[in-house]
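The lines below spell out each chain.
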Amino acid sequence: MFGYVKILDSELKVKDYKRYRAFYCGLCKELREKYGHSGQMTLTYDMTFAVILLTSLYEKEIRHEKCRCKMHPLKRQDILRSEFTTYAADMNVLLAYYHFRDDWSDEKKIGGLAGTLAFRRKAKKIIQKYPGQAAVIRKELQELSRLEASRVTEIDLPAGCFGRLMSGLFRYKKDQWAETLGRMGFYLGKFIYIMDAYDDLEKDRKSGSYNPLLFLNDDLDFEQKCRDMLCMMIAECCGEFEKLPCILDIDILRNILYDGIWSIYRKKQQMKGEDISDEQKSL
């Protein structure tokens, strides 16, 4: 479900693209150092966004270094990290753990059991460090699993679960920005869930997998309703974002929220061969 909150690199300045990649590589290295190869596999664009957002908001120190890795063995890469890189790495691993645990508990998937065993000890330490975030993730993933198993027809219900999960992740601490960050995360999470459902629609139709948008798909206004839901969620998210006094890396953050997050939607529209209006092109 993750992977939608990313940049539109064609619209970024070269310096901003390099800086974004440095934060991404920083999170990758943090995961490798703290949690090994298995932790590294949980790397997401979405949590890279969280690193940049929280680092900008709280104006924390950014550490710069250069290193080589298996993906780039010949040239040393720029690495940027802050205290929020560590936080994002912990949340990545915690999300992976609960996801694997639910896969094993609900469907007895062998991969779920293997993942649960691989991350159990790591997750235990994270839960002790961040009990609030852990409780939210556990509760909302369980409720999401229940709703999906019962095949609810109203997409707002499961989307709300993922929204509250993201809200919990964005609320780094109880301070003056917690409510705004929480609302921003909530609407971003709902956007991600709806976008994921839209992205997987045809695949889920063929496989018979649960997808709440399948219950809308016979509607003549289906495409318009999907656009309206997505636009409403991201508009609310951006409205909350603009209340935050972020200055550092603001162009990267706005590129993600106003352009990059629509990349999959544009691609799906192009694949369908539909005419895209000027309004859609501006999304």
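The rules we used
Residues numbered from 1 in each chain as written. Predicted model: local features only at pLDDT ≥ 70, side-chain atom pairs only at ≥ 80, totals over all residues. Heavy atoms only, no water. 1 Å grid on protein atoms, 1.4 Å probe; cavity = no way out; pocket = protein on both sides within 12 Å on 5 of 7 lines; lining within 4 Å. Points joined across faces, edges and corners; volume = space filled by probe spheres on them. Helix = DSSP H or I, 4+ residues; strand = E, 2+ residues; numbered from the N terminus. Nonpolar A, V, L, I, M, F, W, Y, C, P; charged D, E, K, R; others polar. Buried < 20%, exposed > 50% of the residue type's maximum accessible area, 1.4 Å probe, protein only. Pairing = 2+ DSSP bridges. Axes fitted to C-alpha atoms, helices over the stretch in contact; angles between N-to-C directions. Parallel < 35°, antiparallel > 145°, perpendicular 65-115°, else oblique. Left-handed = near helix turned anticlockwise from the far one by under 90°. Contact = heavy atoms within 4.5 Å. Salt bridge = Lys/Arg side-chain N within 4 Å of Asp/Glu carboxyl O.

Undergrad: How would you sum up the layout of surface pockets? Please name residues and give values.
TA: Taken as a whole, the second largest pocket holds about 390 Å³ of empty space. Together, 17 residues line the second largest pocket, and Cys-28, Gln-40, Cys-69, Lys-70 and Met-71 are the ones closest to its centre. For the lining of the second largest pocket, the secondary-structure elements that each account for two or more residues are helix 1 (14-40) and strand 2 (77-81). The dominant element in the lining of the second largest pocket, judged by the number of residues it contributes, is helix 1, at 8 residues. Its residues assigned to classes, the lining of the second largest pocket shows 8 nonpolar, 4 polar and 5 charged.

Undergrad: Describe the pairing of strand 2, listing the residues and the values that go with them.
TA: Of all 5 residues in strand 2, 4 are buried, a share of seventy percent or more. As defined by bridge partners, strand 1 (residues 63-67) adjoins strand 2 across 5 bridges and the pair is classed as antiparallel. The partner of Lys-66 across the bridge, within strand 2, is Asp-78.

Undergrad: Residues and numbers for the packing of helix 6 (residues 156-170) against helix 7 (residues 178-199), please.
TA: Helix 7 packs onto helix 6 with a crossing angle of 140 degrees between their chain directions and a minimal axis gap of 6 Å. Between helix 6 and helix 7, the angle is such that the two are oblique. Crossing of helix 6 against helix 7: the hand is right-handed. From helix 6, Asp-156, Pro-158, Ala-159, Gly-160, Phe-162, Gly-163, Arg-164, Met-166, Ser-167 and Phe-170 reach across to helix 7, where they touch Leu-181, Gly-182, Met-184, Gly-185, Phe-186, Leu-188, Gly-189, Lys-190, Ile-192, Tyr-193 and Ile-194. Residues that form the contact of helix 6 with helix 7 fall into these classes: 12 nonpolar, 6 polar and 3 charged.

Undergrad: Would you mind going over the side chain of Lys-190 in detail, with residue names and values included?
TA: Along the chain, Lys-190 falls in helix 7. Those residues in contact with Lys-190 that sit more than four places away from it in its chain are Asp-156, Ala-159, Gly-160, Gly-163 and Met-233.

Undergrad: I'd like a description of helix 11 (residues 263-272), backed by residues and values.
TA: Taken residue by residue, helix 11 has Ser-263, Ile-264, Tyr-265, Arg-266, Lys-268 and Gln-269 as its buried positions. Of the residues one or two after helix 11, Gly-273 is the one with positive phi, at around 70 degrees.

Undergrad: Can you tell me about the pattern of salt bridges, naming the residues and giving the values?
TA: All chains considered together, the criterion is met by 22 salt bridges. Between Glu-83 and Lys-60 there is a salt bridge, with the nearest N and O atoms lying 3.8 Å from each other. On the criterion of sequence distance, the pair formed by Glu-83 in helix 3 (residues 83-107) and Lys-60 in the loop between helix 2 (45-58) and strand 1 is long-range, its members being 23 residues apart. With a relative accessible area of 35%, Glu-83 lands in the partly exposed category. With its nearest N and O atoms 3.3 Å apart, the salt bridge here joins Arg-205 to Glu-202. With Arg-205 and Glu-202 both in helix 8 (residues 201-207) and 3 residues apart, this pair spans about one turn of that helix. Given a relative accessible area of 37%, Arg-205 falls into the partly exposed group. The class of Glu-202 is partly exposed, set by a relative accessible area of 39%.

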